[in-house]
Amino acid sequence: MKILIENGRVFDPVSGRETETGVFVKEGVIAALEAPEQAVDRRIDAQGCLIVPGFIDLSCHVREPGDDQKGSIASETRAAAHGGFTTLCTSPDSSPVNDSGAVTNLILDVAARTGAVRVLPVGAITRGLGGELLSDMAGLTNAGCVALSNGDRPLGNSRVLRRCMAYARTFGLTLFIQPENKALAAEGCAHEGSVATHLGLPGIPEVAETIAVGELLLLAEETGVRLHLSQVSTARSVELIGRAQARGIAVTADVAMHHLLFNESALRGFDSRFHVRPPLRSEADRQGLLAGVRDGVITAITSQHRPQDPAAKQAPLAETAPGLSTVETTLGMGLRLVENGELSLPVLLAALTSGPAQVLGRTPPRLDVGAPADLCVFAPGETWTVTAASLLSTGKHAAVLGEALNGVVRATLCNGKVAFVAGGDD
Amino acid sequence: MSTSPASDRHIQLNPFGQLRHFLSIDGLDRNLLTEILDTADSFIEVGERSIKKVPLLRGRTVVNLFFEASTRTRSTFELAAKRLSADVLNLDISTSATSKGESLSDTLLNLEAMASDMFVVRHAQSGAPHFIAQSVTPGVAIINAGDGRHAHPTQAMLDMLTIRQHKGRFEGLVVAIVGDILHSRVARSQVRALLTLGAEEVRIVGPNTLLPRDAETLGVKIHNDMRSGLRDADVVIMLRLQRERMEGALLPSEREFYRQYGLTTEKLAYARPDAIVMHPGPINRGVEIESAVADGPQSVILNQVTNGIAVRMAVMSMAMSGQLAERQAAAETQASK
Amino acid sequence: MTALINVENLLKTMCDQLKGELQARSVEQPALIGIRTGGVWLADYLHKALALEEPFGELDISFYRDDFSRMGLNPRVRPSHLPFETEDRHIILVDDVIMSGRTIRAAMNEIFDYGRPASIILVTLLDLGARELPIQPDIVGQSLQLQRHQRVKLLGPDPLRVELRERRENT
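What counts and what doesn't
- Residues numbered from 1 in each chain as written.
- Chains lettered and ligands numbered in written order.
- Predicted model: local features only at pLDDT ≥ 70, side-chain atom pairs only at ≥ 80, totals over all residues.
- Contact = placed C-beta atoms within 7 Å.
- Helix = DSSP H or I, 4+ residues; strand = E, 2+ residues; numbered from the N terminus.
- Nonpolar A, V, L, I, M, F, W, Y, C, P; charged D, E, K, R; others polar.
- Buried ≥ 20, exposed ≤ 12 C-beta atoms within 10 Å, placed from the backbone.
- Pairing = 2+ DSSP bridges.
- Core = buried A, V, L, I, M, F, W, Y, C linked by C-beta atoms within 7 Å.
- Domains from an automatic or database assignment.
- Axes fitted to C-alpha atoms, helices over the stretch in contact; angles between N-to-C directions.
- Parallel < 35°, antiparallel > 145°, perpendicular 65-115°, else oblique.
- Left-handed = near helix turned anticlockwise from the far one by under 90°.

Caption draft 1: Here's a closer look at the interface of chain B and chain C. Taken residue by residue, the interface counts 20 residues in chain B and 16 residues in chain C. Mapped by element, the contributors of at least two residues to the side of chain B that touches chain C are helix H2 (30-46) and helix H13 (301-336) of chain B. Taken together, the residues of the side of chain B that touches chain C break down into eight nonpolar, seven polar and five charged.

Okay, here's the thing in structure tokens:
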């Protein structure tokens, strides 16, 4: 398959430079940055578009194996391609939990057969995510896991956590940990602040996260493990992480896109879509997270895509399943931040490409000749309306449902193959 | 951030600005709250007749949906509905449908199919009545009979009626609400109603473990001490203290709570001499309040029970009225097409 | 046409007729009830003219209207106030205008919820015809035939006067 993407501008997230050029893809790689002399099988018109490396998501739920009614690798990787993503790190809290090489192999096998984009499994840090027994970390890594994580389940036992880190350090593995103190978060379902106070919702205090961040940073420093903090939600966490980085501790962090765009007010009227974990916090926290991305303390923005079936969101707020369907709207939500002047376009695109690549220990993706053809073609100035029908994901509970969003993805190529093309049947 | 979100107003009112659900005090303006109180006054008069029944809701079906047991509140709603001539169905959901694995939505849709006109909902989760009104059965009038820690608007309005009967006004009033504010849906609704109706100052009094985070954003003044909290108060509202608060490490003991925050004759003396004492009941004597105060001349606790039926009749008839007006308008639009 | 309606004169005539009616029925201590708002003003006049010692009652029929499903609840409903027992009493029920008869039906239903009266005499200032229910006043000040676009309204309480309004179509 020879594909020519023409009339667009290539954007390099590392240098931040834009170049007007065609991209010629052949046999899975970028063969030339100009129109070839030979005939091509397919032309993609990128008029008015940016051509960028495909986005990398460090936290995505594809619901396979397990919850069929919430999504599958087939449905969610197609949704991801629609959102411009070419690489997904899938959370270990599937059913069964990805705590053995067999489950990892299953995920990779299904992804190879039905996936539209690259799937990188993240293994469970403890057996069954139970927080007590170490999982076969080296075995999981050999099977293809790129990191080990606690998923959405807080680790209650500091001793186990310390041993997880020491063991992971032995093999040079990276840990993705979502920081939350179980006892402090307790039965909460919203940020403990003025909105939860008004609505009478049980709160999750800021310290439920910052205490966990503090603990994780101290243990990471002691054990020397490569620690990545997933989905931080408070300004104070950013401050703690920034200080630790300044002291030379090997810690990175990501934030979910919805934590950059929304605050606790989104819950007003008991909108259960915005029941997410960690909760949407105060405006000051949102500002702190944005500053963290701008300053480079937070180097990756994730979708934290959590597709749910409608029934899971049809209940009184505290009884609903947490999570938003976001993978298709992450780019558009990010462009809204750019429109608001809260993030620059280069910073946004770096946090979706080179930032997460570095967390995974990979060289930052660039659209150079010879590089794998993982790329996204999108029109930043074009608008689409997000409706249930427009979403390919099984989860229709997008944060921006019914709203107009800038940034129409015209095509996504993964490994030189068309994973998504607008109006196409690929 | 607005304290009266437009979204609450939008859900509770029909396009003509009339009440169609009664979910919370949030988003309702002073005129509407006054209309509820005035209408309730008319229903108090009905309660004094030999036949205490009016035909407003004749042929309508009111379903009491209590997901959390409360005989007392359910009885006043039942009596209110019956005095409006409605047919009343009492469903104790905690023991029926949900234990068979039927989802909340399915249970409600079945009830709607039985031509129900109104659901009176009590639920342990904040926002459950909002969820039902918005997502499940928008054509059924929803009356919130208490949801989680969020709101108990009929209780708050009956308290407002009691205050108006004794004080004749809300302007200039200083009201102190004492006790477990954190878990109290009643307190949240009272604060909102008092501020909307024009009270000068609303205070909440309690230990920090029982006060919600950022409570000042509710529009109240926060006091930890009874002496400063009750100083020159016109109205003192004591909240009920649940036993389980001791287990959650929120309070050491009932005895210590009573010493610090229990309303005794001595502490009541901090308030204005003509201050009234209220309590949503049932009272824990010797925990929140001294018997001498509960039964004393400043106590208006019994009065509140009579007002409860009248207020519930008022909101039920108003919400039904708002629903019918909306249906009528929809039918006319349909006919003109 | 309104210039022709002299409320004062009509009331005098009605008062005389009412006295005759009470005599004919051998009613000595009637209980007087006005329907809000116009009927209350007229009841006030009759109360003085008949020199009744017992105060008169005021009825707000909002809770008894039969058009609740179309019109909804009157947001300005006020408590009815009957300062006497109605059980076994002879009642004079007063309203300003009778047309369909539905208001009177509602008022009678409400009166019965206070107790079973011995009798009711219905007094109205104006009778506009167009009855929809078999209810007829015992004493009428004046009968009127209105055009379809016309409405009539009693203004008061001081002075009492009748105003004829042109109804705006379909607004």
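From this point, things continue past the structure.
Caption draft 2: Quick peek at the arrangement of the chains. Ranking the two pairs of chains in contact by number of contacts places chains A and B first. Over all C-alpha pairs, chain A and chain C never come within contact, reaching a minimum spacing of 27 Å.

Caption draft 3: Inspection of the pairing of strand E12 (residues 174-177) of chain A at higher detail. Residue and element names in this part refer to chain A. Residues of E12 alternate between two faces, with Thr 174 and Phe 176 on one and Leu 175 and Ile 177 on the opposite face, all of them buried. One ladder, built from two bridges, connects strand E11 (residues 147-149) with E12; its direction is parallel. Note on E12: the bridge partner recorded for Ser 149 is Phe 176. Relative to strand E15 (residues 226-229), E12 runs parallel, the two being bridged by four bridges.

Caption draft 4: Just the environment of Gln 69 of chain A, in detail. With respect to the helices, strands and loops of the structure, Gln 69 of chain A is situated in the loop between strand E8 (55-60) and helix H1 (73-82). For the pair Gln 69 of chain A and Ser 194 of chain A, spaced 125 residues apart in the sequence, the C-alpha separation amounts to 35 Å.

Caption draft 5: Main features of the nonpolar core. With 282 residues, the main nonpolar core has Ile 51, Leu 148 and Leu 175 of chain A, Ile 177, Val 236 and Met 316 of chain B together with Ile 33 of chain C as its most contacted residues. Among the elements that make up this core, the one with the highest residue count is H13 of chain B (13 residues).

Caption draft 6: Molecular detail of the domain arrangement of chain A. Residues and elements named next belong to chain A. The assigned domain composition of chain A is domain 1 (1-53 + 365-378 + 406-426) and domain 2 (55-359). Listing elements by their share of the side of domain 1 that touches domain 2, those giving two or more residues are strand E7 (50-53), strand E18 (375-385), strand E19 (404-414) and strand E20 (417-421). Ranked by residue count, the leading element in the side of domain 1 that touches domain 2 is E19, at five residues. When grouped by side-chain class, the residues that make up the side of domain 1 that touches domain 2 number twelve nonpolar, four polar and one charged.

Caption draft 7: Here's a closer look at the interface of chain B and chain A. Contacts between the two partners involve 28 residues from chain B and, on the opposite side, 20 residues from chain A. Contributions of two or more residues to the side of chain B that touches chain A are made by helix H1 (6-12), helix H4 (104-113), helix H5 (128-136) and helix H7 (185-197) of chain B. For the side of chain B that touches chain A, the element with the highest residue contribution is H5 of chain B, accounting for four residues. Counted by class, the side of chain B that touches chain A contains nine nonpolar, 13 polar and six charged residues.

Caption draft 8: Focus on the sheet that holds strand E3 (residues 118-123) of chain B. All names here are of chain B. The parallel open sheet is built from four strands, whose spatial order is E2-E1-E3-E4. Two strands bound the open sheet, and with one partner strand each, they are strand E2 (87-91) and strand E4 (141-147). Sheet twist, expressed as the mean angle between neighbouring strand axes with direction ignored, is 15°. Pairing geometry for strand E1 (residues 61-66) and E3, over five bridges, is parallel.

Caption draft 9: Focus on the packing of helix H4 (residues 158-170) of chain A against helix H7 (residues 207-223) of chain A. Residue and element names in this part refer to chain A. Put simply, H4 and H7 touch, their axes get as near as 10 Å, and they point 40° apart. Overall, the two elements H4 and H7 adopt an arrangement that is oblique. As H4 runs across H7, the sense of the crossing is right-handed. Residues Ser 158, Leu 161, Arg 162, Met 165, Ala 166 and Arg 169 of H4 touch H7, and the partners they reach there are Glu 215, Leu 219, Ala 220 and Thr 223. Of the residues in the contact of H4 with H7, the class split is five nonpolar, two polar and three charged.

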